[in-house]
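Summary of the model geometry
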Amino acid sequence: MDLRLTAPERAFRDRLRAWLADTLPTLGPGPDRDDWTARRRYDTAWQRTLFDAGYAGVDWPREHGGLGATPTEQLIFLEETARARAPYVGVNFVGLLHAGPTLIAEGTHAQRARHLPRILRGEEVWCQGFSEPDAGSDLASLRTEAVRDGDHYTVNGRKIWTSNAHVADYCELLVRTGPPGSRHGGITWLILPMDTPGVQVHPLRTTVGSSEFAELVLDDVRIPVTHRVGAENDGWRVAMVTFSFERGTAFIGDLIESRNLLEETAALARVTPAPGGGVLWDDAALRRDIGRLAAEVAGLWALVRKNVSEATAGRVPVQGASVFKLRFAENRQHIDDLAARVLGRAGLAMTDLAPKGGGRLVEDRVSTLSYTIAAGSSQVQRNILAERSLGLPKEPRWT
């Protein structure tokens, strides 16, 4: 892959930079993180702004309403919006980065026509109903049951860690339509309208005080069979498509944020006094560690380019997605550990002890403890690579 920008790509970058410079000052401050009504309004308004400017779904095919950008243009878009500190996808992330691409790959014409334009315009917000209290990393053991009743499924069960369920219109839902114990062969992927009778949303609070997650309780929820994506009992394969987008391309913004956090940590080290005199940046070992982590981020960015290229060509980046997810999670945690070294005792608090900007580093360190679990645990990623890439025997199951 030629890493140099072509003349059309430079022109795309320059137009985007100019548009961001004109548009961002008009947005105003973002809402409080716990004001979910305001957050939905702010995030969907930004999505509509992108849509009106022709930048919505930059990585989606033109025939489905997207920009149909090249892989390099996609990465230019992500880099420039991150550099300009533009709003991230926010509450739109499941629809734009998971459900939408899955519908493009696996949905019916009617499903695409109904949902894709509304996702792009910011008119639909989605959440993900995959994990359960007893089925997280071992998702194939999920027990939320869907029983076929004519042209509907009747669904009963519980889901947990459902991001943005408080404000979502739809949920990408995995259910068991096969007999108990059918595991991968008995799962179905459904579209759940969140206003369906029997859907209960119970907000959860994280260790850093945020409230983006919720538990879903599904009590005799009836979902039309026309809301099924893929065939009955073929939901595991469809979910693998969703996971591949989630792990391979949906963390791109987080990788750019890793670069920003590393730069902020280095800047802090340059002005923080060292115990023996001078500043922390004088420590060659610290500079070496920062350089190593920066090199890892650069390597991950190269892998992102490969994954985006595969996704654009219509191939699901399964192996590259797992490699990326595994290494990204570990790299981000190492960056935050390094930030804690630089912060010293200020790393014990998000507000009262931390220097300017340090509280963000502290909060990120706590938040990224979940990165080796979310979107498939590191153990799951290693199993995928061992079994599907290296051809090693499957891990024995203990009952």
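Now for a quick tour of the structure. (Residues numbered from 1 in each chain as written. Predicted model: local features only at pLDDT ≥ 70, side-chain atom pairs only at ≥ 80, totals over all residues. Heavy atoms only, no water.)

With respect to the packing of aromatic side chains
Note the threshold: Ring pairs shown here join Phe, Tyr and Trp side chains whose ring centres sit within 6.5 Å, with only the six-membered ring taken for Trp; geometry is labelled stacked below 30 degrees between planes, edge-to-face above 60, and tilted in between. Numbered from the N terminus, helices here are DSSP runs of H or I no shorter than four residues, and strands are runs of E no shorter than two. Accessibility here uses a 1.4 Å probe with only protein chains present; expressed as a share of the type maximum, an area under 20% marks a residue as buried, one over 50% as exposed, and anything in between as partly exposed. Put simply, a charge is over a ring when the Lys NZ or the Arg CZ is close to the ring centre, within 6 Å, and near the line of the ring normal, within 35 degrees.
Scanning the model with the defined rule gives six aromatic pairs in all. Residues Trp19 and Tyr55 carry aromatic rings whose centres are separated by 5.2 Å and whose planes lie at 50° to one another, so their mutual orientation is tilted. On the criterion of sequence distance, the pair formed by Trp19 in helix α1 (residues 7-23) and Tyr55 in the loop between α2 (36-53) and α3 (71-83) is long-range, its members being 36 residues apart. Summarising the burial analysis for this pair, Trp19 and Tyr55 share the class buried. Of the aromatic side chains, those joined through ring pairs into one cluster are Phe12, Trp19, Trp46, Tyr55 and Phe77. Over the ring of Trp36 we find Arg39; its NZ or CZ atom is 4.1 Å from the centre of that ring. The ring centre of Trp301 lies 5.3 Å from the NZ or CZ of Arg259, which sits over that ring.

Brief notes about the nonpolar core
Quick note on the threshold: What we call a nonpolar core is a set of buried Ala, Val, Leu, Ile, Met, Phe, Trp, Tyr and Cys residues that are connected through their side-chain atoms within 4.5 Å.
The biggest cluster of nonpolar side chains holds 42 residues, and the ones touching the most others in it are Tyr55, Trp126, Leu174 and Trp189. For this core, the elements supplying multiple residues, two or more each, are α1, α2, α3, α4 (93-106), α5 (109-120), β4 (170-176), β5 (187-193) and α6 (235-248). Ranked by residues supplied to this core, first place goes to α4 with six residues. Residues Leu286, Ile290, Trp301 and Phe328 belong to the second largest nonpolar core, which totals 30 residues.

Description of the environment of Pro224
To keep it simple, the criterion reads: Residues are treated as being in contact if the distance between any of their heavy atoms lies within 4.5 Å.
Position of Pro224 among the secondary structure elements: in strand β7 (residues 214-224). Residue classification places Pro224 among the partly exposed positions, given a relative accessible area of 22%. Spatially, the C-alpha atoms of Pro224 and Asp149 are 9.5 Å apart, while their sequence positions differ by 75 residues. Ignoring sequence-local partners within four residues, the contact set of Pro224 consists of Asp151 and His152.

So, the pattern of salt bridges
This is how the line gets drawn: By definition here, a salt bridge exists when the distance from a side-chain nitrogen of Lys or Arg to a carboxyl oxygen of Asp or Glu is within 4 Å.
Going through the model one piece at a time under the given rule, you end up with 23 salt bridges. Across the salt bridge formed by Arg114 and Glu124, the nearest N and O atoms sit 2.6 Å from each other. A residue pair is termed long-range when its members are at least 10 positions apart, and Arg114 in helix α5 and Glu124 in the loop between α5 and β1 (126-129) qualify at 10 residues. Given the relative accessible area of 4%, Glu124 is considered buried. A salt bridge links Glu132 to Lys159; its shortest N-O distance comes to 2.9 Å. Note that Glu132 is positioned in the loop between β1 and β2 (145-149) and Lys159 in strand β3 (residues 152-159), a separation of 27 residues in sequence. We classify Lys159 as buried; its relative accessible area is 0%. Salt bridges here are not isolated pairs; linked through shared partners, they connect Arg48, Asp52, Arg121 and Glu123.

Focus on α3
Where we set the bar: By definition here, a helix of n residues has an expected span of 1.5 Å times n minus one.
Between its first and last C-alpha, α3 extends 18 Å over 13 residues, near the 18 Å set by a 1.5 Å rise per residue. Within the sequence span of α3, burial applies to Thr72, Glu73, Gln74, Leu75, Ile76, Phe77, Glu80, Thr81 and Ala82. Directly after α3, the chain includes Arg85, whose backbone phi takes a positive value near 60°.

Overview of the packing of α4 against α5
In plain terms, the rule: Axes here mean lines fitted to C-alpha atoms, for a helix over just the part in contact, with angles spanning 0 to 180 degrees between N-to-C directions. Orientation is classified from the angle alone, with under 35 degrees giving roughly parallel, over 145 giving roughly antiparallel, 65 to 115 giving roughly perpendicular, and any other angle giving oblique. Handedness of a crossing is defined here by the sense of rotation of the near helix relative to the far one, left-handed for an anticlockwise turn of less than a right angle and right-handed for a clockwise turn. Note on residue classes: Ala, Val, Leu, Ile, Met, Phe, Trp, Tyr, Cys and Pro are nonpolar, Asp, Glu, Lys and Arg are charged, and everything else, Gly too, is polar.
Two elements in contact, α4 and α5, have axes separated by 10 Å at closest approach and are oriented at 155°. With respect to their mutual orientation, α4 and α5 come out roughly antiparallel. In terms of crossing hand, the pair formed by α4 and α5 is left-handed. Contacts between α4 and α5 involve Gly95, Leu96, Gly100, Leu103, Ile104, Ala105 and Glu106 on the former and, on the latter, Gln111, Arg112, His115, Leu116, Ile119 and Leu120. Class assignment of the residues belonging to the contact of α4 with α5 gives a composition of seven nonpolar, four polar and two charged.

Description of the layout of surface pockets
Convention followed: Only protein atoms enter the 1 Å grid used here. Points where a 1.4 Å probe fits but cannot escape make up a cavity, open sets with protein on both sides within 12 Å along at least five of seven lines make up a pocket, and a residue lines them when an atom lies within 4 Å of a point. Grid points are joined across faces, edges and corners, and a volume is the space filled by probe spheres set on the points.
Looking at the second largest pocket, its volume works out to about 180 Å³. Around the second largest pocket sit 14 residues that line it, and Leu142, Arg143, Arg176, Pro180 and Gly181 are the ones nearest its centre. Of all the elements, β2 adds the most residues to the lining of the second largest pocket, at three residues. Class assignment of the residues belonging to the lining of the second largest pocket gives a composition of six nonpolar, four polar and four charged.

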